[in-house]
Amino acid sequence: MKHTISVLVENRAGVLSHISGLFSRRGFNIDSLAVGVTEDKMISRMTIVADGDDYMVEQIEKQLNKMIDVIKVRTVPNDDLIRRELMLIKVSCTAKNRGEITDVAKIMNAKIVDISKDTLTIEIADRPNRLDLLEELLRPYRIQEVSRTGTIALQRGSSVIAR
Amino acid sequence: MTGASVMVQCLEQEGVSIAFGYPGATICPFYDELAKSSIRHILVRQEQNAGHAAGAWGRMTGKPGVCIATSGPGATNLLTALATAYMDSVPLVAITGQVSSELLGRDAFQEADITGAAVSFLKHSFLVKDAEDLPRVIREAFYIAGTGRRGPVLIDVPIDVQNTRLKGRFHYPEEVSIRGYSPTLRGNPLQIRRVVEAMDGAQRPVICAGGGVFGSGARQEVRLLAERCGIPVACTMMGLGALPTGHPLNLGMLGSQGGALANEAVRRSDLLIIAGARAGDRAVTQPGILEKSTRVVHIDIDPAEIRKNVEAGIPLVGDLAQVLEQILAQGPRAHDRGWFEALGLPQDDSAGYGESREGFVNPRRLVRLISSHMEPDGIYVADVGQNQIWSARNCLIREGRFLTSGGMGTMGYSIPAAMGAALACPGRQVAAVCGDGAFQMQMMELATLVQHQVPVKIFVVRNGSLGLVREIQSTCYGGNLSAVDLSGSPDFVALAAAYGIGGARLCSDEAVSAAVERAFAEPGPFLTECVVSPEEGTVQCGAEKEEQR
């Protein structure tokens, strides 16, 4: 099962490698890891999506909590979560099928952000499974390059992960 | 005032009286100031031994020991000692020099990314880039190393930071505030009540005492709880000494290297109270089977240990001494001791050391004689290999301590650790017991013992081979002995003499008593070479043979 773990950490050099090292060392598999600063510039938020059973998630949480630079750890239940991911996807196109691809992008609420005579670059920010769907739809046109940010997430409603 | 001078002043503020280290170019500014301070410096002969010595100093005093190394190879030589301290939750602060800040990342001469390399063996680390941060960093390092679950902390200081002139007057912060770190010391009252209920409801409770007993300073509380409630205590190797050897409630050591009584009692128990132990694979070999028949209470200061190796029915996070006091305050009931007394099994090997061999010393009897000859508060340091198992199973521990590298199993631990322990506890007797393999990993420290006249009594158990590996090869690899022959080793007594250390060679059981007596009668360090038959194994005397790995 996929678990989304939100981690508030000190915004310091070395913290990212520290945390990613912990995952590899203890044999935890990460699907994605996204980092950015929070409203407090001294604090970064890491959103980690990991695949594993409850034992593994408990171990991840505890080992993360043990790290001095980790301020707060919270595994958020999936139905309590707003999850988003950003993807840039460059796809081959010809004068003939450019309209088709533009239609697909439009239906998926994606944006064309760049164009050349034989490619289109599309941007989408949505739930990860919607990104997968767009990728699937564009595959027949020959995908040149994909770049995804990894999932970021916040809890629904007024609750926050307090520092 | 330079960064280096601030570093030394900070150490003085922390009450550091002794540091173990080895200088080099990038730590020279610090050493320049250290020489002018009140801190005594012990120059070891290899950095790893500075780490072991400082670690043992920390284990004996409860305060972080301090070791120092230069950048590059000096720092990487510390790694094994850091890992050893980390596995055994030892309070330790390591200070390393580093190349100048502007050279970082350019593979400069003697540059090593030590904070990166050591990350998995450290409780925490700092790479100081601004000299103004030094007082805060050093304060935090000592606080982190010496509180909660103890552990090693590394401070890496580039040479230019050591040379920076600081603005303003020196001020050492009194308060520490680290938002990501606040260990839980008091047990949750609700959980305390659940534990007491479980204890009262149990018929055959057993306490499993681990290294946390010493980390927390809970020796008295464990004894009080055991005696008041009639609960027997099985020790992990790190927990040996939680109760004195021979105490009627002491079951001896449990686990794959342990004794029959402890293992059988744990198997039959209906409540196992794990007190400051990881319940690692050597101590609890089959957690799955245990959990089915036994309720488990797991007391640990580190929440991450709970449910890592053993499924705990009742987890209890806190400092062991405080938690046991809380439990005692609830007045748990006394239990009948009949069930484990009726098992009729020995606590250790002393009932039968095995045969006496012509021309050799019996290692089990040797351990018992060394330890029983020492004063009651003596410190016995065991190395790793067969000697560790013989030592753990036969060492007589009263008010003293049994030190060894339990988690990491680091060969070459005993002499530097004994040195650190002896310097931490002047006036107490200290023995270092090692094999001829491990001895040759640390024999350079004979010079340090002489230089500083540290009265460590070394006993080298000599069987001419890497005994434990040989034993594994004999039992599990069809007797194909591969790379275990130690031919070429020197005469250790002559070697000691070359250092100006007195020595004696022992080849018979009759001579042991007098030789041990003589070793402790000598004022300074002393080396006794004890010739043991290569046929001597660690599995015998009714102990169950468990799978060797």
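Since this is a predicted model, take the numbers as computed values, not measurements.

This part takes up the packing of aromatic side chains. All names here are of chain B. Counted by the stated rule, this structure contains 8 aromatic pairs over all chains. For the ring pair Tyr 380 and Phe 402, a centre distance of 5.8 Å and an interplane angle of 20 degrees mean the geometry is stacked. Of the two residues, Tyr 380 sits in strand β13 (residues 379-382) while Phe 402 sits in strand β14 (residues 401-403), which places them 22 residues apart along the sequence. Given the relative accessible area of 2%, Tyr 380 is considered buried. Under the relative-accessibility criterion, Phe 402 is labelled buried at 3%. Above the plane of the ring of Phe 492 lies Arg 462, whose end atom (NZ or CZ) is 4.4 Å from the centre.

The interface is formed by 17 residues belonging to chain B together with 19 residues belonging to chain A. A salt bridge links Arg 307 of chain B to Glu 58 of chain A, with the shortest nitrogen-to-oxygen separation between them at 3.1 Å. Connecting chain B to chain A are 6 residue pairs in polar contact (both at pLDDT 80 or more). Its residues assigned to classes, the side of chain B that touches chain A comprises 8 nonpolar, 3 polar and 6 charged.

Residues and elements named next belong to chain B. Counting residues in hydrophobic clusters, the biggest one holds 86 residues, and the most contacted among them are Met 199, Ile 299, Ile 327, Ile 370, Tyr 380, Phe 402 and Phe 459. Per-element tally for this core: the top contributor is helix α13 (residues 320-329), with 6 residues. Each of domain 2 (189-341) and domain 3 (363-531) accounts for three or more of the residues forming this core. Those residues within four positions of Ile 327 in sequence are excluded, and the remaining contacts are Ile 192, Val 195, Val 196, Met 199, Leu 225, Ile 299, Leu 316 and Pro 332. Within the second largest apolar cluster, 52 residues are counted, among which are Phe 20, Met 60, Leu 92 and Ala 496.

Another aspect to go through is the environment of Asn 77 of chain B. Checked against the element boundaries, Asn 77 of chain B lands in helix α4 (residues 73-87). Filtering out sequence-adjacent residues up to four positions away, Asn 77 of chain B remains in contact with Gln 46, Glu 47 and Gln 48 of chain B.

Turning to the confidence of the model for chain B, a few remarks are in order. All names here are of chain B. In this model, chain B carries an average pLDDT of 94, and 98% of its residues clear a pLDDT of 70 or more. Within the model, the stretch residues 540-549 combines pLDDT values under 50 with 27 contacts to residues more than four positions away or in other chains. Scored as a complex, the prediction yields pTM 0.93 and ipTM 0.84.

Parameters at a glance
Going along each chain's sequence as written, the residues are numbered from 1 onward. A letter from A marks each chain and a number from 1 marks each ligand, given out in the order of writing. For a predicted model such as this one, the threshold for reporting local features is a pLDDT of at least 70, and the threshold for listing and counting side-chain atom pairs is 80 or more; totals across whole chains, interfaces and linings nevertheless cover every residue. To obtain the side-chain values, all non-hydrogen atoms of the structure were included, while hydrogens and water were left out. Between the rings of Phe, Tyr and Trp (Trp by its six-membered ring), a pair exists once the centres lie within 6.5 Å; its type follows the angle of the planes, with under 30 degrees stacked, over 60 edge-to-face, and the other angles tilted. The way it works is that DSSP assigns letters per residue, a run of H or I at least four long becomes a helix, a run of E at least two long becomes a strand, and they are numbered from the N terminus. Burial here depends on accessible area, computed with a 1.4 Å probe over protein chains only, as a share of the maximum for the residue type. Under 20% is buried, over 50% is exposed, and the range in between is partly exposed. Sitting over a ring, as applied to charges here, requires NZ of Lys or CZ of Arg to be within 6 Å of the ring centre and within 35 degrees of the ring normal. Residue contacts follow a heavy-atom distance rule, with two residues in contact if any of their heavy atoms lie within 4.5 Å. Think of a salt bridge as a Lys or Arg side-chain nitrogen and an Asp or Glu carboxyl oxygen that are within 4 Å of each other. Between N or O atoms, a polar contact is any pair within 3.5 Å; within protein, one atom must be a potential hydrogen donor and the other a potential acceptor, and residues adjacent in sequence are included only when both atoms are from side chains. When residue character is reported, Ala, Val, Leu, Ile, Met, Phe, Trp, Tyr, Cys and Pro are called nonpolar, Asp, Glu, Lys and Arg charged, and the others, Gly included, polar. Joining through side-chain atoms within 4.5 Å is the link that ties buried Ala, Val, Leu, Ile, Met, Phe, Trp, Tyr and Cys residues into a set, and such a set is a nonpolar core. A domain assignment, automatic or from a database, supplies the domain bounds used here. In predicted models, pLDDT denotes the confidence assigned by the predictor to each residue on a 0 to 100 scale.

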